[in-house]
Each structure stands twice: as C-alpha cells, then as structure tokens.
Amino acid sequence: MKLKYWASLGFASTLFFACSKKPPVVPPPEPTPPKVVVETPPAPPPPPDTMGEGRRRLQARVTETFKTVYFDYDKSALTSEGQSICEGIGALMKEVPSLTVQIQGNADDRGTNEYNLALGDRRAKAVQSYLTTYGIAASRLSTISYGEEKPAAEGQDDAAWSKNRRDDFSPSF
Amino acid sequence: MNSIIKASNILRLLALSLLVMGIDVAFAADVVITSEQKGAEVLSLGYVEFQCLKGDPKSVPNPPGTVLVNDLHFSGRFRVQFAPAFDAVSKARFKDDGALAYLRGDYSLENGKYTLNCELIDIDSGTAILKKSYSGPKEQLRLAAHQFADELVFQLFGEKGIAQTRIAYVNKRPGGKEISVMDYDGANAHQVTSNKSINLTPIFMGAKDKILYTSYAAGSPQFFQADMTATTTRQMFNSAGMNSAANYNKTDGEIIYASTMDGNSEIYRRPVAGGKSDRLTFFEGIDTSPSWSPNGYEIVFVSDRNGKPMLYVMDRDGSNLRRISFDLDYYGSPAWSPKGDRIAFVALDGGNNFNIYTVTPDGKDPVKLTSDAGSNESPSWSPDGRHLIFMSTRTGSPEIFVMGADGTEPRRLTFSGGNSMPSWSDY
C-alpha cells in the first residue's frame, strides 16, 4: 500500500514539472522552485489507497462490532448488553483470523486511583475471558487498564460515571 | 560555617519549656494528647526581623527570615512573636508570651551569592544559645533558612525537622499526567517527567533526588526511576502485566507493589538493588495499595476478597493475614506512619467523597481527619509523623493540601489545578 502511495506522489510531481516547463518564454522571475511546489500543488495527492474495497468493508464492520462495553459501579461482571457486544466481537474475530484487539479497561473516578487501575484490569480481562471461552486464541487478545486516568466524560454525576466504567477496544487487522 | 551551642542554655530552655508544657497538659483534661498531636509541645520564641546588610532583598523571592518563621509555624512546635528590633518593649512582649529566647539574624546578597547569619539569643543574659552561618549561591538562600529551622527543631526538641523535605506529585498537563516535585512548603515546584504519557503514584526512594513512579510511557504500566541530580529517567525493571502502587522501605531497601503479572492484581515484594519479585498474596480479588510498616516486618494493603475494598495487614512474607477494617463502605490508600503507631487511609462513609482517617495498626481507635471538604485522597506522612499531605477537591479542582496528623490546620500547597497523588520524601 505504501508503495502505491509513493508511486502516485511520484507521478504527481512528474506531472508538475512537466507543466512548469511550459512558460519559459516569460523573462525568468526570481527562482523560487521549492516554495511554488508547496503553495500550488498541481493536484491534491490522491488519498493514499491503503485499503482495498474489502478492507474498507471490514473496517466498517469492525467499527460497528467493537462497541464500548459498559459496567456497573465497582463491578467487572459483564451485563447482558456487554455479553451481546462480546458475542458479536467473538463471531467477527472467528470469521476474520487476522483480527487482533487490545481491550482497554477503565473505571469512573469514585474509587482510589490504585484500586481503579486493578478494577479496569478486571474489566478488560472479563471481556478477554469471555472471548477466550468463545474460542478466540488468547494471543489475539491483549489487555491494558487505564483505571480512572482516561475518562470518556468529565463530571461528578451518574451520566459521566456511567460513561467512564467501560472497556474500549483498539482492534487491528 | 560555624556553630556555637551552649548546652547548659539549651537545657535551661528545655526544662522551662517542659514546665510550661506540663501546665498546658494539666489543664487540657478532656483531650488525649498523643506525641503527633500538633500544639502539644509548643515553644514560644521571639523573632527580630532579619536585616539585609548588603544587596537588594527584593532579588530573592522570599526573605530568609520569612522562610524560617514559616517553617517554625508549620512544624507545629513553635509560637513566634515578631518584633522589628530587640528593645525593652519587645523584650517584655516576648517574655509575656513565655519566650525565653529570641531569634535574630542578618544576610547579604552579593555577586550571585548569599551569606546568612542566624542566632538564638537568651532573652535575659543576651548570650547566643545557638549560632549558625551559611553561605552559597543566591538560589540556595531559601534552603539555608530551612536548614536553620531544622537545626532549631533538632537542638530544642532532639528530633529531626522536616523543613528540607520534598513532595513528589502528579500534575495534569496537556497530553498526559506528569510527575513533579516541590519543597514541602510548596515552593520550588518543577516537572520531573515530560513524556506526555500517563505517569502515576510517585514515591521517593531513600534519597530525596530519586523518585520511583508508574508510567505508561512504554505502553503497559511499568516502574520508572527518575534521578533528579542527573535529570534522567529509566525503566527500573520490566514485568508482564500492569505494575503500580509501589511503596519503599529503606530498612531493607525493598519495594512492595501491585502487579497483574500472574493474571490478577496481587502484591509483590522486590529488592531495589535487583533480584526476583516474591508474590505475597494469592486471592482472586483485587489486592493493591501496599504500605510497609516502618520496620519492614508488616504490610498493610487493600483487598476486595470479601466483597468490598477493605484493609488487611500481613507479615512481610504474606503470612499472618488479618482484616483491620469493617465499618465503612470502601477503604483505600493505607499509609503506615513513620513511627509505626497509626495507619492513615481513605474511606467512603456513604456518598462519593473520600475522607481521611487514621487507626492503630490493629484497626482500633479510628479518628476522622477530614469532613465536608470535597474528596480527600492519597494521604502520605511527613517523615516525622506529625503531618499528612493529601489531595483534596475542596476548592473544586484537585490540589495538594497538608494538615497536622490530627487533622488540624489544613493548608493548601498547589494552585494550578489537576494536582494529585502527593508523596512525602524522607528527611
């Protein structure tokens, strides 16, 4: 994919120099070649096509499937909603063997920082354990806990807390 | 530097101060006075404004006399009476307050250097009981004032002072949480890490210039060590899983910490000099926040093995486990006092705000030190056990506060917002 990107860039710059050779009749102005390149790129370089159509479709499915899993206060057990999200993740990971994921556990800020680090770890591992039981190899599932250090929402109310007791997913394929 | 100490004068001063103190104690019949309680042994001293003999006194942030008097007040051991000069009027005032001696001093600022002379003078005889001179680069004038404050505490109370101690803490910055340090009075704050990652739970390791902290800089939480004299940081050791909440004991040079290296958050012990980590807990629940007893024999920690986060004490090898907390909903962040007689911790008593308490190591005699003042977390003892530093949200944003070990005289040290997890250095 990278090769393709550079190739298209190379093509673009060839085009540019081809064009800039066109008006040599005019008396030579101050030579400012590099700046011109920056200021008036001949054409926006085509978005790097790092994804084929199949990949793009998979990306959409991954985004849709790896939804944030939320937890109850001081709990690391999956709710029924959490379980159904995990089931979808398990199914997709079975279907796409190249799919791996980092599960990121988080806590709201109502406990001590140290305890919440451990609680976030348990939440990440609850999903990991669900998925290994589902039949996904442990090697495809890494975990990390951010405790209460990476809140999704700021605030001291139920609305913020419930958004912060969560597992985020960082999938790659 | 020279030092003149007249032992007989100090003994006289001490004997009289003990007499005064004895009367105080006798009147305070309803109050149980512990050795940590501020106000229990307060010595009155006169203070005559320190004179600047050469240079511009405005070229230093705080005059040394101000720093010194601040230290003396903060120590909780002195009551200071001010006077512009020593004359018949001020002499009478000093003596009315029960002072037997007064402080006087002078300083000079020249060519980027300072000299500072401090004296403790016997009010009646006019002789110097204690005399000290300091010199050095101008930036260290403040430190010299701290040194003299500690000298006074040591000479008059026979114990080390804390005026030269430091505080490590976490400061929220754009892009992450960084480790910072400041003097114990909030001065000289500066940032130690700048990796824009998450850096947590700093502690001092033995020396005041070595800090151990947990950092996400390498991905998963690992222990890093900052050497402030060399301004370098390095990973201390690598361990699987998540590693946090380290606590250091200088007696054996060992840390205890929480790690998920075996899958679950457990407590481990490890020599700082190197070697292997010994696992101390073996339960499915969360085990974290370990704190050494000062002699290194025992460890207090948090576990939710019985359903809620509670405090437990075990021997250094993990044996002899016993639960020491029962009544409240959620216990955390225990910190064993340097004298070994109390354990500070936070707990929830209904509501979502933590308060700070102390108990004896067997869980008896709970004393609540904060209330109705935001959430109060992460208590850490001064090395003399007379103060606690902690994080409080009482002013809105998390800031570092300090208070007496009995909860009196809370005082704010930071003002920038987003400051947490303070940890007090050794002497």
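Residues numbered from 1 in each chain as written. Chains lettered and ligands numbered in written order. Predicted model: local features only at pLDDT ≥ 70, side-chain atom pairs only at ≥ 80, totals over all residues. Heavy atoms only, no water.

Let us look at the overall build of chain B. Across its full length, chain B holds four helices and 31 strands. Taking 22 Å as the expected radius of gyration for a compact globule of 427 residues, we find that chain B reaches 23 Å, a close match to that expectation. Structurally, chain B occupies a C-alpha span of about 75 × 55 × 40 Å along its principal axes. Buried positions account for 54% of the 427 residues belonging to chain B. Counting only contacts in chain B whose residues sit at least 6 apart along the sequence, the fraction spanning at least 24 positions is 43%. (Helix = DSSP H or I, 4+ residues; strand = E, 2+ residues; numbered from the N terminus. Rg over C-alpha atoms; globule rule 2.2 N^0.38 Å. Buried < 20%, exposed > 50% of the residue type's maximum accessible area, 1.4 Å probe, protein only. Contact = heavy atoms within 4.5 Å.)

Before going further, it helps to spend a moment on the overall build of chain A. Counting secondary structure elements, chain A contains six helices and four strands. The helix and strand sequence of chain A, counted from the amino end, reads α-α-α-β-α-β-α-β-α-β. For chain A, with 173 residues in total, the buried portion stands at 36%. The contacts of chain A with a sequence gap of at least 6 include a subset with a gap of at least 24, amounting to 75%. Just so you have it, chain A exposes about 10,100 Å², and 60% of that area is on carbon and sulfur atoms. (Areas by Shrake-Rupley, 256 points an atom, 1.4 Å probe, with all protein chains shown as cover.)

All names here are of chain A. Here helix H3 (residues 53-65) contains 13 residues, and its C-alpha end-to-end distance of 18 Å stays within 8% of the 18 Å for a straight helix at 1.5 Å per residue. Within H3 the residues assigned to the buried category are Leu58, Val62 and Thr65. Down the axis of H3, the buried side of the element spans an arc of 70°, and every buried residue falls inside it. Counted as exposed and oriented over 90 degrees from the buried face of H3: Arg57, Thr63 and Glu64. In this fold, the buried residues of H3 make contact with helix H4 (80-95) and strand E4 (166-172). (Expected span 1.5 Å × (residues − 1). Arc of directions from axis to C-beta.)

This part is about the confidence of the model for chain B. Residues and elements named next belong to chain B. Residues of chain B with pLDDT of at least 70 account for 91%, and the chain-wide mean is 90. Under a pLDDT of 50 for its full length, residues 1-8 has, in the predicted model, 17 contacts with residues more than four places off or in other chains. Contacts of residues 18-39 to residues separated by more than four positions or lying in other chains number 25 contacts, the stretch itself having pLDDT below 50. Per the prediction output, this complex has pTM 0.84; the corresponding ipTM is 0.85. (pLDDT = per-residue confidence, 0-100.)

This brings us to the interface of chain B and chain A. With 33 residues of chain B at the contact, the number on the chain A side is 22 residues. For the pair chain B and chain A, the summed buried surface comes to about 2,100 Å²; carbon and sulfur atoms form 58% of the total. Here chain B is connected to chain A by two salt bridges. With its nearest N and O atoms 3.7 Å apart, the salt bridge here joins Lys172(B) to Glu154(A). Linking chain B to chain A there are ten residue pairs in polar contact (both at pLDDT 80 or more). Broken down by secondary-structure element, the contributors of at least two residues to the side of chain B that touches chain A are strand E11 (199-204), strand E15 (243-249), strand E19 (287-292), strand E23 (330-336) and strand E24 (343-348) of chain B. (Buried area = accessible area lost by both parts, 1.4 Å probe. Salt bridge = Lys/Arg side-chain N within 4 Å of Asp/Glu carboxyl O. Polar contact = N/O pair within 3.5 Å; in protein donor to acceptor, adjacent residues only side chain to side chain.)

Once that is clear, we can look at the packing of H4(A) against helix H5 (residues 113-134) of chain A. Residues and elements named next belong to chain A. Interaxial distance between H4 and H5 falls to 10 Å at its minimum, and their mutual angle equals 50°. The angle between H4 and H5 falls in the class oblique. Crossing hand, H4 versus H5: right-handed. Seen from H4, the contacting residues are Gln83, Cys86, Glu87, Ile89, Gly90, Ala91 and Lys94; seen from H5, they are Val127, Tyr130, Leu131 and Tyr134. (Axes fitted to C-alpha atoms, helices over the stretch in contact; angles between N-to-C directions. Parallel < 35°, antiparallel > 145°, perpendicular 65-115°, else oblique. Left-handed = near helix turned anticlockwise from the far one by under 90°.)

Further remarks concern empty space enclosed by the protein. In the structure shown here, the tally under the stated rule is three cavities of 30 Å³ or more. For the largest cavity, the calculated volume is near 70 Å³. Those elements that place two or more of their residues in the lining of the largest cavity are helix H2 (64-75) and helix H4 (141-157) of chain B. Of the residues belonging to the lining of the largest cavity, the class tally is six nonpolar, two polar and four charged. For the second largest cavity, the calculated volume is near 50 Å³. Lining the second largest cavity are Tyr73(A), Asp74(A), Asp108(A), Arg110(A), Gly111(A), Tyr115(A), Asn116(A), Leu119(A), Arg123(A), Arg165(A) and Tyr330(B). The element contributing the most residues to the lining of the second largest cavity is H5(A), with four residues. Looking at the lining of the second largest cavity residue by residue, the classes come out as four nonpolar, two polar and five charged. (1 Å grid on protein atoms, 1.4 Å probe; cavity = no way out; pocket = protein on both sides within 12 Å on 5 of 7 lines; lining within 4 Å. Points joined across faces, edges and corners; volume = space filled by probe spheres on them. Nonpolar A, V, L, I, M, F, W, Y, C, P; charged D, E, K, R; others polar.)

Here we come to the environment of Ile400(B). All names here are of chain B. With respect to the element layout, Ile400 can be found in strand E29 (residues 399-404). Ile400 sits 214 residues away from Gly186 along the chain, and the two C-alpha atoms are 8.9 Å apart. If we ignore the near neighbours within four places in the chain, the residues touching Ile400 are Tyr169, Met182, Ile389, Phe390, Arg411, Arg412, Leu413, Thr414, Asn419, Ser420 and Pro422.

Moving on, we come to the domain arrangement of chain B. All names here are of chain B. One can read the domain layout of chain B as domain 1 (2-157) and domain 2 (166-424). Taking only C-alpha atoms, the centre of domain 1 and the centre of domain 2 are 34 Å apart. At the junction of the two partners, domain 1 supplies 13 residues and domain 2 supplies 19 residues. A combined buried area of about 1,400 Å² lies between domain 1 and domain 2, and 43% of that area is made up of carbon and sulfur atoms. Residues Arg142 and Asp185 are paired through a salt bridge, measuring 2.8 Å at the closest nitrogen-oxygen approach. (Domains from an automatic or database assignment.)

To continue, consider the side chain of Asn199(B). All names here are of chain B. The residue Asn199 is located in strand E11 in this model. Note on Asn199: relative accessible area 0%, which makes it buried. Of note is the side chain of Asn199, whose polar atom sits 3.3 Å from the side chain of Glu178. Here the side chain of Asn199 touches Ser215 through a polar contact of 2.7 Å, side chain to side chain. The residues contacting Asn199, other than those within four sequence positions of it, are Val170, Lys177, Glu178, Ile179, Thr193, Tyr213, Thr214 and Ser215.

Two side chains carrying opposite charge are able to pair once their charged atoms lie near each other. Residue and element names in this part refer to chain B. For the coordinates displayed, the defined rule picks out 33 salt bridges over all chains. When the shortest N-O distance is used, the salt bridge between Arg79 and Asp97 registers 3.0 Å. Here Arg79, found in strand E4 (residues 78-83), pairs with Asp97, found in the loop between helix H3 (88-96) and strand E5 (101-110); they are 18 residues apart in sequence, far enough to count as distant. Assessed through its relative accessible area of 34%, Arg79 is described here as partly exposed. Assessed through its relative accessible area of 22%, Asp97 is described here as partly exposed.

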